[in-house]
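Now for the letters of each chain:
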Amino acid sequence: MPPQRVQREHRRYNPHSLTEDQDQDLKATHDSQESILQNGVRRLLEGLDGFDESTKALLESIPLSTLDDISEGDKNLWEQVHTTYPRLFQSKKCWGGQPPTDVALFLATMKMISESKSSSNPPYTAFCRGEIDGEVDPSIALAQLWSPDPAMPVSLVGFNLPEILPKTIFRAPEEMSLYIEPFEEGNQQLLVTPTYSKTDLHIDPGEGLSLSLGSEKLCLLFPGTKHNLDMLQKAEGQKEKLARIGRYLEGGLITNMTSSHAIHIPLGSIHSVLTTNGGFLITIDFIAPTSAKSYSSLLSTGLDRVDGRRYQNVYFDRFISSIELALDNNRVLLGIDSWVKSSDRIEEWAGGHPTWSRKATKMWNRFLKSPESKNILCPCGEPGQSQFFQEHFKCHYIFERLDRHR
Ligand SMILES: [Zn+2]
Ligand SMILES: [Zn+2]
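Residues numbered from 1 in each chain as written. Chains lettered and ligands numbered in written order. Predicted model: local features only at pLDDT ≥ 70, side-chain atom pairs only at ≥ 80, totals over all residues. Heavy atoms only, no water.

**Digging into the coordination of the zinc ion (ligand 1)**
Taken together, His202 (NE2), Asp204 (OD), Asp204 (OD) and His271 (NE2) make up the full set of protein donors to the zinc ion (ligand 1), lying 2.1 to 2.5 Å away. Relative to the metal, the four donor atoms surrounding the zinc ion (ligand 1) lie at angles of 53 to 132°, and the coordination shape comes out irregular. Here the donor residues of the zinc ion (ligand 1) share one chain and are spaced in sequence as H-x1-D-x66-H. His202 sits in the partly exposed class, given a relative accessible area of 22%. (Donors = N, O, S within 2.8 Å, 3.2 Å for Na, K, Ca; no water. Tetrahedral: all angles 85-135°; square planar, octahedral: opposite > 155°, others 65-115°. Buried < 20%, exposed > 50% of the residue type's maximum accessible area, 1.4 Å probe, protein only.)

Now the structure itself:
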């Protein structure tokens, strides 16, 4: 066995975050899990034919259910933190126009690549083996649609092809409002991923809606419970997160992604995606009044700091927007609770970001003048504050000091 391999195995089975006892307990859970691998899950894992044995073994070791077989307990976990578990929507309900053919997608992507070859700031991000790679030839991603390479899959992420996919052609279907109310839809983006591409466990900075265009994928999703977010936070900065912590996450689901259905990936849910059949994928994101709760958990756990703080501003800006949506859309307590629960983090951020702080202060001042702010009991539970909620909130949770200096 080459030394590199030994080290990988060592890392996998000794997660730093667990004591030996915990590890034993979890191994026992894992053994019993293996014998009751759901048939639905087993069928989905057959899609991994051609992947190396260790990937298959890894996925078999993770407690998962399909969307059809989700238990009441797991449903509860998801609903408590995200109001819904991930839902599928018929793709034809998501198109506001004729979707492009595979050939049109391929040709338009080739054109985009050739037009941006000499650009120092290309309109896509290239990944090789799951890592950002600024040097790799982007055309390889297209060549690998025809001839996939399990050792070196190259994918392109975050580009647009406005000639064949105008800005708002892909959108949240109306029936989504049964589960979550989408606002500020946007950020339409394409990905091209050949077979064997893998995305390690991560969270996205918004509520997501994704649809395969010709590709087939397996998506593993875990709810953003405190336990799961803490596990992810501890694994941050390390590779192979799915192998390190996948087995220890609760509420795991697996689903396949095809062109027939779009999937809502709730904000703050931890997910990992494996491409079993190469092709394209289109995504948009949005926020909902209920997103405030997820942003609050993510900020409290410090997960806005991941990926070199790439999306940190996005997290804080969208946090305010989602609270504003909550306050304006009959979710007052959820909005207040989300703010109060992450107040330490918010105060720290506000100190260094006066524009952000002013925006927040304005929002709360407007709310505290509204009739909806009467007779509220602050979730901090401080005794004797019920009759003076407005003063109490102003004193503890908004940053008047900065406001006065304006
Ligand atoms: Zn994602
Ligand atoms: Zn309070």
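Read on, since the account is not over.
**Concerning the coordination of the zinc ion (ligand 2)**
Each protein donor to the zinc ion (ligand 2) is listed here as Cys378 (SG), Cys380 (SG) and His392 (NE2); together their distances run 2.0 to 2.2 Å. Donor residues for the zinc ion (ligand 2) sit on one chain with the sequence pattern C-x1-C-x11-H. Here Cys378 is found in the loop between helix H15 (354-368) and helix H16 (389-397), whereas its partner His392 is found in helix H16, with 14 residues between them in sequence. When its relative accessible area of 2% is taken as the criterion, Cys378 is described as buried. A relative accessible area of 7% places His392 in the buried class. (Helix = DSSP H or I, 4+ residues; strand = E, 2+ residues; numbered from the N terminus.)

**Considering the pairing of strand E11 (residues 261-265)**
Taken across its five residues, E11 has four buried, putting it largely inside the fold. Two elements, strand E2 (residues 88-90) and E11, share three bridges in a ladder whose sense is antiparallel. Bridge pairing in E11 places Phe89 opposite Ala262. Across four bridges, strand E8 (residues 207-213) lies against E11 in antiparallel orientation. If you follow Leu211 over to E11, its bridge partner there is Ala262. (Pairing = 2+ DSSP bridges.)

**Things to note about helix H4 (residues 53-60)**
Every α-helical turn comprises 3.6 residues, leaving residues that sit three or four positions apart pointing alike. By the burial criterion, the buried members of H4 are Thr55, Lys56, Leu58 and Leu59. End-on, the buried residues of H4 take up no more than an arc of 160°, which puts them together on one face. (Arc of directions from axis to C-beta.)

**Regarding the pairing of strand E5 (residues 154-159)**
By the bridge criterion, four bridges tie strand E3 (residues 125-128) to E5 in an arrangement that is antiparallel. When the sheet's bridge partners are listed, Thr125 is paired in E5 with Val157. Here three bridges tie E5 to strand E6 (residues 183-193), and the two strands are oriented antiparallel to one another. Looking at E6, one finds that Val157 is bridged to Leu191.

**Digging into the sheet that holds strand E12 (residues 270-277)**
Taken together, the five strands give an open sheet; going across it, the order is E1-E10-E9-E12-E7, and neighbouring strands pair in mixed fashion. This sheet does not close on itself; its edge strands, each paired only once, are strand E1 (65-66) and strand E7 (198-202). Where E7 meets E12, three bridges bridge the pair, whose relative direction is antiparallel. Paired with Lys198 across the two strands is Leu274, which belongs to E12.

**Re the packing of aromatic side chains**
This structure, assessed with the given rule, holds 13 aromatic pairs. Aromatic side chains Trp364 and Phe393 sit 4.6 Å apart centroid to centroid with 55° between the ring planes, which places their arrangement in the tilted category. Taken together, the residues Trp364 in helix H15 and Phe393 in helix H16 connect sequence positions 29 residues apart. Classification of Trp364 as buried rests on a relative accessible area of 0%. Classification of Phe393 as buried rests on a relative accessible area of 0%. Centroid distance Phe393 to Tyr397: 5.3 Å. Interplanar angle 50°. Geometry classified as tilted. A residue pair is termed a helical-turn pair when its members lie 3 or 4 positions apart in one helix, as Phe393 and Tyr397 do in helix H16 at four residues. For the pair Phe393 and Tyr397, a shared accessibility class is recorded, and that class is buried. Aromatic rings pair up to connect Phe316, Phe319, Trp339, Trp349, Trp356, Trp364, Phe367, Phe389, Phe393 and Tyr397 into one cluster. Here the basic side chain of Arg87 rests over the ring of Tyr85, its NZ or CZ set 4.0 Å away from the ring centre. (Phe/Tyr/Trp six-rings, centres within 6.5 Å; stacked < 30°, edge-to-face > 60°. Lys NZ or Arg CZ within 6 Å of the ring centre and 35° of its normal.)

**With respect to empty space enclosed by the protein**
A full pass over the atoms with the stated rule returns one cavity of 30 Å³ or more. Of the volumes computed, that of the largest cavity is approximately 30 Å³. Around the largest cavity, the lining residues are His82, Glu207, Pro266, Leu267, Thr290, Ser291 and Ser294. Looking at side-chain class alone, the lining of the largest cavity contains two nonpolar, four polar and one charged residues. (1 Å grid on protein atoms, 1.4 Å probe; cavity = no way out; pocket = protein on both sides within 12 Å on 5 of 7 lines; lining within 4 Å. Points joined across faces, edges and corners; volume = space filled by probe spheres on them. Nonpolar A, V, L, I, M, F, W, Y, C, P; charged D, E, K, R; others polar.)

**Looking at the packing of helix H13 (residues 332-341) against H16**
In the contact formed by H13 and H16, the axes pass within 11 Å of each other and the chain directions differ by 35°. Between H13 and H16 lies a crossing of left-handed hand. Contacts from Ile336, Trp339 and Val340 of H13 reach H16 at Phe389, Phe393 and Tyr397. For the contact of H13 with H16, a count of residues per class yields six nonpolar, no polar and no charged. (Axes fitted to C-alpha atoms, helices over the stretch in contact; angles between N-to-C directions. Left-handed = near helix turned anticlockwise from the far one by under 90°. Contact = heavy atoms within 4.5 Å.)

**A closer look at helix H8 (residues 226-235)**
Buried residues of H8: Asn228, Leu229, Met231, Leu232 and Ala235, and no others. For H8, the angular spread of buried residues about the axis comes to 160°, placing them on one side. Facing away from the buried side of H8 by more than 90 degrees, the exposed set consists of Lys226 and Lys234. In this fold, the buried residues of H8 make contact with E7, strand E9 (216-222), helix H9 (241-245), E12 and helix H10 (291-301). Positive phi shows up at Gly237, right after H8, with a value of about 85°.

**Considering the packing of helix H6 (residues 102-115) against helix H7 (residues 139-146)**
Two elements in contact, H6 and H7, have axes separated by 10 Å at closest approach and are oriented at 155°. Viewed along their axes, H6 and H7 adopt a mutual orientation that is roughly antiparallel. Here H6 runs over H7; the crossing is left-handed. Only Ser139, Leu142 and Leu145 of H7 make contact with H6, whose side of the interface consists of Phe106, Thr109, Met110 and Ile113. Taken together, the residues that form the contact of H6 with H7 break down as five nonpolar, two polar and no charged. (Parallel < 35°, antiparallel > 145°, perpendicular 65-115°, else oblique.)

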